Amino acid sequence: MLGLGPRAERRRRALPAGLLRLPTIGVDIGGTKVVAGVVDGEGKVLEKLRTDTPDKSKSPRVVEDVIVELVLELADRHDVHAVGIGAAGWVDAERSRVLFAPHLNWRNEPLQQALSERLRFPVIVENDANAAAWAEWRFGAGRGEDLMVMLTLGTGIGGAVVRDGYVDRGKYGLAGEFGHMQVVPGGHRCPCGNRGCWEQYSSGNALVRDARELVAEESPVVQPLLALAGGAVEGITGPLVTEAARDGDPTATELLYEVGTWLGVGIANLAAALDPGRFVIGGGVSEAGDLLLTPARDAFRRTLTGRGFRPEAAIAHAALGNEAGLVGAADLARQVARRFRTIKRRRVERAVP
């Protein structure tokens with residue numbers, strides 16, 4: 001097992017041994033689901049609950065109600081000491097407000113204060129990619145690295161940096177938005193408002209868009225994929241393309257190869273800027289494994305500045321899968337955990353939306 005780097009180890013030892021063992025709750029809020037789980041000091045998920053994410057047209061209070069319900073149900077069965085929220089959106093540097101969440105009606109939302117008042121637990125709010133990166137650094141594929149970059153490939157590209165035992169959030173808490181680096185001037189339009197963003201070429205959306213464009217052009221090479229989708233273009237999804245590539249479909253393999261190649265190009269740019277020891281690749285698209293990572297590694301080596309005259313960062317597949325965000329949020333919350341009275345806490349009255 002890899003040990004922590006020397007500076008990271010000092011950081012870990014700064015927490016009291018008892019605190020490191022406290023069970024905490026992590027909540028991962030995405031565009032389609034809310035998952036909450038109790039996590040022990042070794043990163044093991046003891047129990048997990050899941051529900052659908054309320055529609056983004058609903059008020060912030062409705063989402064709070066969902067979080068409170070899941071947390072209180074888990075707290076009834078476990079002696080937990082803090083709650084960490086991993087949110088898909090921009091979180092301020094104080095880890096208290098969600099400045100903007102694309103899938104929820106959160107705009108400068110004081111989420112930490114609202115949940116602390118209702119739950120009577122210490123609560124932290126963290127960007128979901130930051131939480132996933134922390135989990136991989138503590139318990140997964142990033143262990144032992146003093147400087148690690150995490151990339152999560154899903155609908156877009158999320159990113160985070162763990163440096164010397166800390167999540168590097170930047171001055172305003174918004175670091176890690178690597179998916180919006182411009183790689184093709186004047187390229188595909190991105191929902192962020194710009195053109196040619198990296199995530200328009202290396203993400204689940206890019207993979208599906210390219211496959212569906214072949215259908216629109218009536219290309220014969222995509223007919224096996226279309227048949228797998230039941231003849232409906234909307235049935236072509238990222239997991240379906242990945243499954244077809246695993247089964248040897250040449251078009252699906254080529255589509256993943258292209259996404260992987262763009263991934264490697266972007267990683268080379270990040271290596272030039274940050275010089276990490278390891279890149280950890282997670283998110284749903286990463287489930288393609290070597291079908292994605294082999295072309296990524298090849299493109300990285302071809303594109304890396306000073307190639308042949310410098311050390312090359314490792315590119316590793318994330319170890320914790322879909323639980324990384326939940327585990328990381330819970331572990332970050334452990335740093336602010338405090339002991340509660342052993343008597344059963346009074347359940348907080350839930351507000352009616």
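Residues numbered from 1 in each chain as written. Predicted model: local features only at pLDDT ≥ 70, side-chain atom pairs only at ≥ 80, totals over all residues. Heavy atoms only, no water.

Visitor: Explain the overall build of the protein chain here, please?
Guide: Scanning the protein chain from terminus to terminus reveals 11 helices and 13 strands. Within the protein chain, contacts between residues at least 6 apart in sequence are counted, and of these 66% link residues at least 24 apart. Surface summary for the protein chain: the accessible area is close to 16200 Å², and the carbon and sulfur share equals 51%. (Helix = DSSP H or I, 4+ residues; strand = E, 2+ residues; numbered from the N terminus. Contact = heavy atoms within 4.5 Å. Areas by Shrake-Rupley, 256 points an atom, 1.4 Å probe, with all protein chains shown as cover.)

Visitor: What exactly am I supposed to notice about the packing of aromatic side chains here?
Guide: Aromatic ring pairs are defined here through the distance separating the ring centres and the angle between the ring planes. Inspection of every chain in the model, using the stated rule, returns four aromatic pairs. Geometrically, the ring pair formed by Trp 90 and Phe 100 is edge-to-face, given 6.2 Å between the ring centres and 65° between the ring planes. Here Trp 90, found in strand S5 (residues 90-91), pairs with Phe 100, found in strand S6 (residues 98-100); they are 10 residues apart in sequence, far enough to count as distant. On the basis of relative accessible area, Trp 90 is assigned to the partly exposed category, the value being 38%. By relative accessible area, Phe 100 is classed as partly exposed at 33%. With 5.0 Å between their ring centres and 45° between their planes, Tyr 201 and Trp 262 make a pair best called tilted. Residue Tyr 201 is found in the loop between strand S11 (166-167) and helix H6 (204-216), and its partner Trp 262 is found in helix H9 (residues 250-274); the two are separated by 61 residues along the sequence. (Phe/Tyr/Trp six-rings, centres within 6.5 Å; stacked < 30°, edge-to-face > 60°. Buried < 20%, exposed > 50% of the residue type's maximum accessible area, 1.4 Å probe, protein only.)

Visitor: Mind showing me how you'd approach the sheet that holds strand S3 (residues 45-52) here?
Guide: Within a beta sheet, neighbouring strands are joined by backbone hydrogen bonds and run either parallel or antiparallel to one another. Reading across from one edge, S3-S2-S1-S4-S8 is the order of the five strands in this open sheet, with mixed pairing throughout. One side of each edge strand has no neighbouring strand; the edge strands of this open sheet are S3 and strand S8 (123-127). Strand-to-strand twist across the sheet, computed as the mean angle between neighbouring axes with direction ignored, equals 15°. Both strand S2 (residues 33-39) and S3 contribute to a ladder of seven bridges, which runs antiparallel. Along S3, the bridge assignment pairs Lys 33 with Asp 52. Across the sheet, helix H3 (residues 60-77) touches strand S1 (24-29), S2, S3 and strand S4 (83-87), and the angle it forms with S3 is around 150°. Against the sheet, helix H5 (residues 128-139) makes contact with S1, S4 and S8, and its axis sits at roughly 95° relative to S8, the strand it touches most. (Pairing = 2+ DSSP bridges. Axes fitted to C-alpha atoms, helices over the stretch in contact; angles between N-to-C directions.)

Visitor: Would you take a moment to explain the packing of H6 against H9 for this structure?
Guide: Angle between the axes and distance between the axes are the two parameters that describe a pair of packed helices. At their nearest, the axes of H6 and H9 sit 10 Å apart, and the two run at 140° to each other. Comparing their axes, H9 and H6 come out oblique. Crossing angle aside, the handedness with which H6 passes H9 is right-handed. Between H6 and H9, the contacting residues are Leu 207, Asp 210, Ala 211 and Leu 214 on the first element and Thr 251, Leu 255, Leu 256, Glu 258 and Val 259 on the second. (Parallel < 35°, antiparallel > 145°, perpendicular 65-115°, else oblique. Left-handed = near helix turned anticlockwise from the far one by under 90°.)

Visitor: What is the right way to look at H9 in this model?
Guide: One turn of the α-helix equals 3.6 residues, which is why residues spaced by three or four share an orientation. Between its first and last C-alpha atoms H9 spans 35 Å; for 25 residues at 1.5 Å apiece the expected length is 36 Å, and the two agree. The backbone nitrogen of Thr 251 has a side-chain oxygen 3.1 Å away, supplied by the residue at the start of H9, namely Asp 249. Phi turns positive one or two residues past the end of H9, at Asp 275, with a value near 55°. (Expected span 1.5 Å × (residues − 1). Polar contact = N/O pair within 3.5 Å; in protein donor to acceptor, adjacent residues only side chain to side chain.)

Visitor: How should I be thinking about the packing of H3 against helix H4 (residues 111-119) in this particular structure?
Guide: Following both chains from N to C, one finds H3 and H4 inclined at 45°, their axes separated by 11 Å at the closest point. It follows from the interaxial angle that H3 and H4 lie oblique. Taken as a pair, H3 and H4 cross one another with a handedness that is right-handed. Together, Arg 61, Glu 64, Asp 65, Ile 67, Val 68, Val 71 and Leu 72 of H3 and Leu 111, Ala 114, Leu 115, Arg 118 and Leu 119 of H4 make up the contact between the two elements.

Visitor: What should I look at first to understand the pairing of strand S9 (residues 147-153) in this one?
Guide: Strand residues, when the strand is regular, have side chains that alternate between the two faces of the sheet. Taken across its seven residues, S9 has seven buried, putting it largely inside the fold. Residues Leu 147, Val 149, Leu 151 and Leu 153 of S9 are buried on one face, and the alternating residues Met 148, Met 150 and Thr 152, pointing to the opposite face, are buried as well. One ladder, built from seven bridges, connects S9 with strand S10 (residues 157-163); its direction is antiparallel. Residue pairing in the sheet places Met 148 in a bridge with Val 162 of S10. A loop of three residues connects S9 with S10, the two strands running antiparallel in sequence. Two elements, S9 and strand S12 (residues 278-282), share five bridges in a ladder whose sense is parallel. Each bridged residue has a counterpart across the sheet, and for Val 149 the counterpart in S12 is Phe 279.

Visitor: It is not clear to me how the confidence of the model for the protein chain should be interpreted in this structure. Could you clarify?
Guide: Do not read the predicted coordinates in detail wherever pLDDT is low. Across the protein chain, the average pLDDT comes to 88, with 89% of residues at or above 70. Here residues 8-14 is a poorly scored stretch, pLDDT under 50, and it has 12 contacts once near neighbours within four places are set aside; other chains count. (pLDDT = per-residue confidence, 0-100.)

Visitor: In this structure, what is going on with the sheet that holds S12? I would like to understand it.
Guide: Reading across from one edge, S11-S10-S9-S12-S13 is the order of the five strands in this open sheet, with mixed pairing throughout. Each edge of the sheet is formed by a strand with only one pairing partner; in this case those strands are S11 and strand S13 (314-317). Strand direction decides the pairing type here: S10 and S11, joined by two bridges, are antiparallel. Its bridge partner lying in S11, Arg 163 is registered against Tyr 166. Along the sheet face, H9 touches S9, S10, S12 and S13 and points at about 155° away from the line of S9. The strands touched by helix H10 (residues 290-303) within the sheet are S9, S12 and S13, with S13 carrying the most contacts at an inclination of about 170°.

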